[in-house]
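Overview (structure and organization)
Read off the chains here:
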Amino acid sequence: MGSLSKSRGNLFRKYMVIFVTLIGVASLTSGFIEIYFVYQQNKAAEVLLQQEKAIAAASQIEQFVKETEHQIAWTTHYPWNTSSEAVNQRRLDYLRLLRQVPAITAISQLDPLGMEQLRVSRLAVDVIGSQSDLSRDPKFFLAKTGKTYFSPVYFLKESADPYMTIAMVGAGQLAGVTVAEVNLKFISELVSQIKIGEGGYAYVVDTSGQLIAHPDISLVLRRTDLSSLPQVQAALAASAEPATLGRPQVSIERNLQKNRVLTTYQPIAPLGWTVFLEQPLNEAFAPLYDSILRAILLVIIGLGLSFLASVVMARKMVAPILALQSGAARIGAGMLDQTIRVRTGDELEELGEEFNRMSTQLRASYASLNHQVEEAERAAQDIKQLADSLEHRVAERTAELTATNSELEAFSYSVSHDLRTPLRSIDGFSQALLEDYGEKLDSTGQEYLRRVRAATQRMGQLIDDLLGLSRTTRTKMEVQDVDLSGLVEAVAADLKQRQPERQTEFAIAPGAMVKGDGKLLRIALENLLGNSWKFTAKQPQARIEFGVTQSDGKPAFFIRDNGAGFDMAYADKLFGAFQRLHKTDEFEGSGIGLATVQRVIHRHGGRIWAEGAVGKGATFYFTILV
Amino acid sequence: MATIIEDKVILLVEDNPDDEALAIRALKKNNIANQLVVTRDGADALDYLFCTGAHADRDPEVQPTVIFLDLKLPKVSGLEVLRRLREDRRTQSIPVVALTSSNEDKDIADSYKYHVNSYIRKPVDFVQFVEAVRQVGLYWLVLNHPMPRAA
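Note that this is a predicted model, so its numbers are computed, not measured. (Residues numbered from 1 in each chain as written. Chains lettered and ligands numbered in written order. Predicted model: local features only at pLDDT ≥ 70, side-chain atom pairs only at ≥ 80, totals over all residues.)

From N to C terminus, chain A includes 13 helices and 20 strands. Burial analysis of chain A (626 residues in total) assigns 29% to the buried set. Across chain A, contacts joining residues at least 24 apart in sequence account for 61% of those joining residues at least 6 apart. (Helix = DSSP H or I, 4+ residues; strand = E, 2+ residues; numbered from the N terminus. Buried ≥ 20, exposed ≤ 12 C-beta atoms within 10 Å, placed from the backbone. Contact = placed C-beta atoms within 7 Å.)

Below is the structure:
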């Protein structure tokens, strides 16, 4: 079941991954889209705010400068002359101006030639008629053209504050030029009033990037140069080309403290200054970050919910599949009586029904198969019983045969010994009688004794022949290649040697090879050739032939002679033991020879038969089929 | 033909009195006049050879020059006698001629297995038997040199 639970995990995990991925990707996408739009909106709002603030700051500063300019201009309304009354009047005006406008630290009156006639300062005693020649000073000759002159920002030795000079021409023919020195730290005060959120502020730089107003006045006093900041460089470049001026550009840059800020600028028109507004980025975008956080939270919650939903969904989807799987596994394991219950109302339920149908069919098939197997087993059992009984019978037969054989063995042994022993006594003592008492017997008595001896010896020969016959049955066959022609030659040679005086012609076909027991075949050939030899004894031209012919498509060997022959009417008696077709005095023999031959041929799976006629010889055929 | 008169003893192991008589006759006809000891069963033959039982008083120095041994004997068979003879150092070199009625291959093969010196089948024809006894007696008693006696 280990693999089953493992695969259950796989399917479940697959579904889970698919669900979580789908829902996760969807919620992440919507989250990011949300964040993107929030960011865009937030940024636009911030930019708008900064732009407006920047425009407002610039106009405030402009306002301050214009106000100051206006205040100075008010003192120039009265015509100027060098009379002491007029000078005094002007001195009073100037003092009042200094009282009213704290930013102006000193103010002086130049005559039309550029000579200083009056100087009123907060820091020094009033000077009248110093005649200092300022005719070549730009504040004089530029102001003389009728347009208010604004000097670049400068710093005085006696004060750390930045200053600026405003000069303008007075009223009347003899109008001189009024030169006022304005402390710009008041702009810093003005600027420090401008706030954007918590940490946002404004500052002002001059045309060269020099800081002239900042909420932290110490930066101004230290004469901080901001021209290296990219936003300042951009602003300076833009003011050099007034055509590009339009709505203030908002960008994200690093400020003097190297913090990332959202910043914008706005030129202050008549002065060439630029007011900058900046707000720490994290503050500017704080609502944005909130939005992002909210979106991320939503995504996480969405993911969690999607995970839970997918677990539920996957379980719901996997459960019927698992039911199918375990049902199929049960069917596979052979539990065919189990049914699968899937109630999903879809293809899975159909599949479950298919499985149920299949298991039903399998159950039927199994039942029939079992029946067949049982039948086959029964048949096998029957066959085994048959085989067992057959084996038993074979064993019984073998035991019987063995018993018979050993009885035969004992019988033969007994015959070999015991039957001959009395014969020897008869013969021996008959001979002893003849030798020792022969003279006491007449010729008839002696003849009788000789007959006793002859009969005894014939009896001995009969016993030997019978033993030979039984031996052909008893001896174990040793099958090998036998040269039948060679055996015939050898037996023929034996016969010739025994009776060298006989003239008998042998015609022996060479190369007749068979499989068989050489010893037994020799006994058979000895008997057959011995018969031919015996029955051709009275033939003047005896001829004995050995050859091979065909019988039923098989080789049949034959031995043919031109001897006494036999009557075919008795052909069936030829091979029986003790059957003789000739009288003993005609041809000697025991009648056992052909019986012995037949047994040898039968033991070789062959057949023996004879053809012949009285006085025309005989032919003995045999086959060997080992 | 000169009579062979020697101190050489012939042991005839034969249970059949007829055969014994015929054997003695055959020996006589061949002028073999050696001392003939006849034992009528295998056990008696072994007693004689190993000087035990009835033959315990016998001079163990005198052993037969040749043994004519029938195979079919009461008590202890001829083949058993032959086997025991060949196992004993004292008797293992005595020539043994199996003189028997049997021409069974098994008897012949067993006899040679136990180192018989000759195997002669007693013929039914007594004339042939006499001739066989003559040849065998002449060979083993006259021509053959027996194993020298131990000092």
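The secondary structure content of chain B amounts to 5 helices and 5 strands. Listing each helix as α and each strand as β along chain B from the N terminus yields β-α-β-α-β-α-β-α-β-α. Residues classed as buried in chain B amount to 36% of the 151 residues present.

Turning to the interface of chain A and chain B, a few remarks are in order. At the interface, 15 residues of chain A touch 16 residues of chain B. Top element by residues in the side of chain A that touches chain B is helix 9 (residues 347-437) of chain A. It accounts for 12 residues. By residue class, the composition of the side of chain A that touches chain B is 3 nonpolar, 9 polar and 3 charged. (Nonpolar A, V, L, I, M, F, W, Y, C, P; charged D, E, K, R; others polar.)

A separate point is the packing of helix 2 (residues 42-49) of chain B against helix 3 (residues 78-87) of chain B. Residues and elements named next belong to chain B. Between helix 2 and helix 3, the shortest axis-to-axis distance is 9 Å and the interhelical angle comes to 20 degrees. In terms of orientation, helix 2 and helix 3 fall into the roughly parallel class. Relative to helix 3, the crossing made by helix 2 is right-handed. Seen from helix 2, the contacting residues are Gly 42, Ala 45, Leu 46 and Leu 49; seen from helix 3, they are Gly 78, Glu 80, Val 81, Arg 84 and Leu 85. Of the residues in the contact of helix 2 with helix 3, the class split is 5 nonpolar, 2 polar and 2 charged. (Axes fitted to C-alpha atoms, helices over the stretch in contact; angles between N-to-C directions. Parallel < 35°, antiparallel > 145°, perpendicular 65-115°, else oblique. Left-handed = near helix turned anticlockwise from the far one by under 90°.)

Take the sheet that holds strand 2 (residues 35-39) of chain B next. All names here are of chain B. Strand order across the open sheet formed by 5 strands is 2-1-3-4-5, with parallel pairing between neighbours. Whereas interior strands pair on both sides, the edge strands pair on one side only; in this sheet they are strand 2 and strand 5 (118-121). Each strand of the sheet is rotated relative to its neighbour by a mean of 20 degrees, with strand direction disregarded. The pairing of strand 1 (residues 9-13) with strand 2 spans 5 bridges and is parallel. (Pairing = 2+ DSSP bridges.)

On to the sheet that holds strand 17 (residues 542-551) of chain A, then. Residues and elements named next belong to chain A. A sheet is described by the order of its strands in space; here 5 strands give the open sequence 15-17-18-20-19, paired in mixed fashion. Strands at the two margins of the open sheet, each flanked by one partner only, are strand 15 (504-508) and strand 19 (608-612). Across this sheet, the average inter-strand angle for adjacent strands is 20 degrees, counted without regard to direction. Sheet topology places strand 18 (residues 554-561) next to strand 20 (residues 618-622); 5 bridges connect them, and they run antiparallel. Bridging from a neighbouring strand, Phe 558 pairs with Tyr 621 of strand 20.

One can find Ala 537 of chain A in the loop between helix 12 (518-535) and strand 17. Spatially, the C-alpha atom of Ala 537 of chain A lies 9.3 Å from that of Gln 503 of chain A, the residues being 34 residues apart in sequence.

Attention shifts here to the nonpolar core. All names here are of chain A. Among the nonpolar cores identified, the biggest contains 52 residues, and Ile 166, Val 204, Ile 212 and Val 275 are the most heavily contacted of them. Excluding anything up to four places from it in sequence, Val 275 contacts Ala 54, Ala 57, Ala 58, Ile 61, Ala 202, Val 204, Tyr 265, Gln 266 and Ile 268. Among the nonpolar cores identified, the runner-up in size contains 37 residues, and Leu 484, Leu 520, Leu 528 and Ala 542 belong to it. (Core = buried A, V, L, I, M, F, W, Y, C linked by C-beta atoms within 7 Å.)

Okay, the confidence of the model for chain B next. Of all residues in chain B, 94% have pLDDT values of 70 or greater, and the mean over the chain is 88. This complex was scored by the predictor with a pTM of 0.45 and an ipTM of 0.84. (pLDDT = per-residue confidence, 0-100.)

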